[in-house]
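Okay, here's what each chain looks like letter by letter:
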Amino acid sequence: MYSTLSASSCHLLSRRSSSDGGSRASCSLQFWTCHRQCEEALTATSYGSFGASAAIARGSERMGGFPKLGLDEKHGACLLLGGRGGKLPRMFERARVGGHLLQNGNRKKNNATIRAILQWNRRPQMAGSPPRVVVVTSGKGGVGKTTTTANIGMCLARLDFKVVAIDADVGLRNLDLLLGLENRVNYTAIEVLNGECRLDQALIRDKRWVNFELLCINKPRYKMPLGFGGKALTWLVDALKKRPEGTPDFILIDCPAGIDAGFITAITPANEAIVVTTPDITSLRDADRVTGLLECDGIKDIKMVVNRVRSDMIKQEDMMSVLDVQEMLGLPLLGVIPEDADVIKSTNRGYPLVLKKPPTLAGLALEQAAWRLVEQDSMKAVLIEEAPAKRGFLPFFGG
Ligand code: ADP
Ligand code: MG
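Calculation notes
- Residues numbered from 1 in each chain as written.
- Chains lettered and ligands numbered in written order.
- Predicted model: local features only at pLDDT ≥ 70, side-chain atom pairs only at ≥ 80, totals over all residues.
- Heavy atoms only, no water.
- Axes fitted to C-alpha atoms, helices over the stretch in contact; angles between N-to-C directions.
- Helix = DSSP H or I, 4+ residues; strand = E, 2+ residues; numbered from the N terminus.
- Parallel < 35°, antiparallel > 145°, perpendicular 65-115°, else oblique.
- Left-handed = near helix turned anticlockwise from the far one by under 90°.
- Contact = heavy atoms within 4.5 Å.
- Nonpolar A, V, L, I, M, F, W, Y, C, P; charged D, E, K, R; others polar.
- Near = heavy atom within 4 Å.
- Polar contact = N/O pair within 3.5 Å; in protein donor to acceptor, adjacent residues only side chain to side chain.
- 1 Å grid on protein atoms, 1.4 Å probe; cavity = no way out; pocket = protein on both sides within 12 Å on 5 of 7 lines; lining within 4 Å.
- Sits in = over half its atoms within 2 Å of the grid points.
- Buried < 20%, exposed > 50% of the residue type's maximum accessible area, 1.4 Å probe, protein only.
- Pairing = 2+ DSSP bridges.
- Expected span 1.5 Å × (residues − 1).
- Arc of directions from axis to C-beta.

Right, let's get into the packing of helix H6 (residues 145-158) against helix H16 (residues 361-374). Describing two packed helices takes the angle between their axes plus the distance from one axis to the other. Where H6 contacts H16, the two axes come as close as 9 Å, and the packing angle between them is 65°. When the axes of H6 and H16 are compared, the pair comes out roughly perpendicular. The two elements H6 and H16 cross, and the hand of that crossing is right-handed. The residues of H16 that touch H6, namely those facing Thr148, Asn151, Ile152, Cys155, Leu156 and Arg158, are Leu366, Glu367, Ala369, Ala370, Leu373 and Val374. Here the residues of the contact of H6 with H16 are counted per class, giving eight nonpolar, two polar and two charged.

Set out below in structure tokens:
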């Protein structure tokens, strides 16, 4: 039993294939074929919905660039398109791929770049009532909390949810840098609390997605101000809820590293948590400790993002698999983000990865994580089944 979406997607694809006729049946079969062929299938299945597609990507690499991926716009399902260099059917000329519009004109380019697609072509259904206050934490520093906050926040905004991201990493604030908003921070939460400005003056609205706003606690390189603690942050969150513009759907809090005062402050107003970890023992131990502290604080809804995963290292048994991580932490999996040089590039450019076109591997993974955050029930465990017995197409598809 693995907690993944991939299996349910497989079920869905195969179910659709039987009712929708031949072409989809073969697409679905190819899905199964690649999935089965992927040597890291077990690891990949624990990747969740993205993992299945990552498996396809790797499988396809091994098979000389075949198969191609596409989206069925009508059904919002991921399909694999047959034929080496074959043309995309007309129905795929305008399909949404993880929020990116795949159009006829740039289709070729996208196809060359997009290796992994598994995205429902619909707006996710919000589970729980807004505002959902989510703290992104890890214990260890440098594992990707800020990257996760910035990108999941942007995804949620793009999915039409109102998002406020609070950079609670007071001493080493950098969420503004990742978002490219550093030059627009004139007021911070401290000035709001001191009565020197209004809350909406301290909220920086992103020009790309106007329903995304950033709130910094303090000027960069300032220490945690005396008297600023959990109560003050809770007051700010309450003030955000009561804004005349309306309550935000999500308030994401980027937590500082460690488990001292800054951490306690950041988790105080939260009712959910995302624990970011990398698949190494130091980060896992910290994540485990943090999970215990979150639970003590009454935060029961805790999910995990495994970041900087390298499948080549997992294969060589030099890195823990996502399954191992899941077993060690016992947390539901929100997302698995591969190690990707594009993350560093986007950090340095102040341009969130998920906005990058064409989409990148890590960007799509973060997007999947955002989807699952919205729809909490997509985290249900489902059974991974064997590929269907029908193998007639295998030699033809290179299997
Ligand atoms: P934290 O907020 O936990 O301290 P950051 O989000 O600032 O961590 O990330 C630390 C560094 O790791 C950044 O330079 C970032 O670009 C890099 N990084 C994060 N995730 C990935 C990834 N999946 N692949 C490659 N680099 C990453
Ligand atoms: Mg950070």
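Moving on, we come to the side chain of threonine 149. With respect to the helices and strands, the residue threonine 149 is situated in helix H6. Not counting residues within four places of it along the chain, the set of residues in contact with threonine 149 comprises Val136, Leu175, Leu252 and Asp254.

Taken together, the neighbourhood of ligand 1 is formed by 16 residues, with Gly142, Lys145, Thr146, Thr147 and Asn307 sitting nearest. Between ligand 1 and the protein, one listed contact pairs an oxygen atom with a backbone N or O atom of glycine 142 at 2.8 Å. At 2.7 Å from an oxygen atom of ligand 1 is found a side-chain nitrogen or oxygen belonging to threonine 146. Given that more than half its atoms are within 2 Å of the pocket grid, ligand 1 belongs to the largest pocket. Sorting the residues of the shell around ligand 1 by element identifies H6, strand S11 (301-309), strand S12 (333-338) and helix H15 (341-349) as the ones contributing at least two each. Taken together, the residues of the shell around ligand 1 sort by class into five nonpolar, seven polar and four charged.

Okay, the pairing of strand S9 (residues 250-254) next. Of all five residues making up S9, five are buried, and the element is well covered by its neighbours. Alternating positions in S9 separate into two faces, Phe250, Leu252 and Asp254 on one and Ile251 and Ile253 on the other, with burial throughout. One ladder, built from five bridges, connects strand S6 (residues 163-167) with S9; its direction is parallel. For valine 163, the partnering residue across the bridge sits in S9 and is phenylalanine 250.

The next point concerns unusual backbone geometry. That bond from proline 130 to proline 131 is cis: its omega, -5°, falls within 30 degrees of zero. Locating proline 131 in the fold gives a position in the loop between helix H5 (107-113) and strand S5 (132-137). For aspartate 160, which is not glycine, the phi torsion reads 85° and is therefore positive. Structurally, the position occupied by aspartate 160 is in the loop between H6 and S6. A positive phi angle, near 60°, is found at arginine 308, a position not held by glycine. Position of arginine 308 among the secondary structure elements: in strand S11. Residue arginine 308 is classed as partly exposed on the basis of its relative accessible area, which comes to 33%.

Its twelve residues give helix H10 (residues 230-241) an end-to-end C-alpha distance of 16 Å, which sits within 8% of 16 Å, the value for a rise of 1.5 Å per residue. Gly230, Ala232, Leu233, Leu236, Val237 and Leu240 are the residues of H10 that are buried. Down the axis of H10, the buried set is contained in an arc of 165°. They therefore lie on one face.

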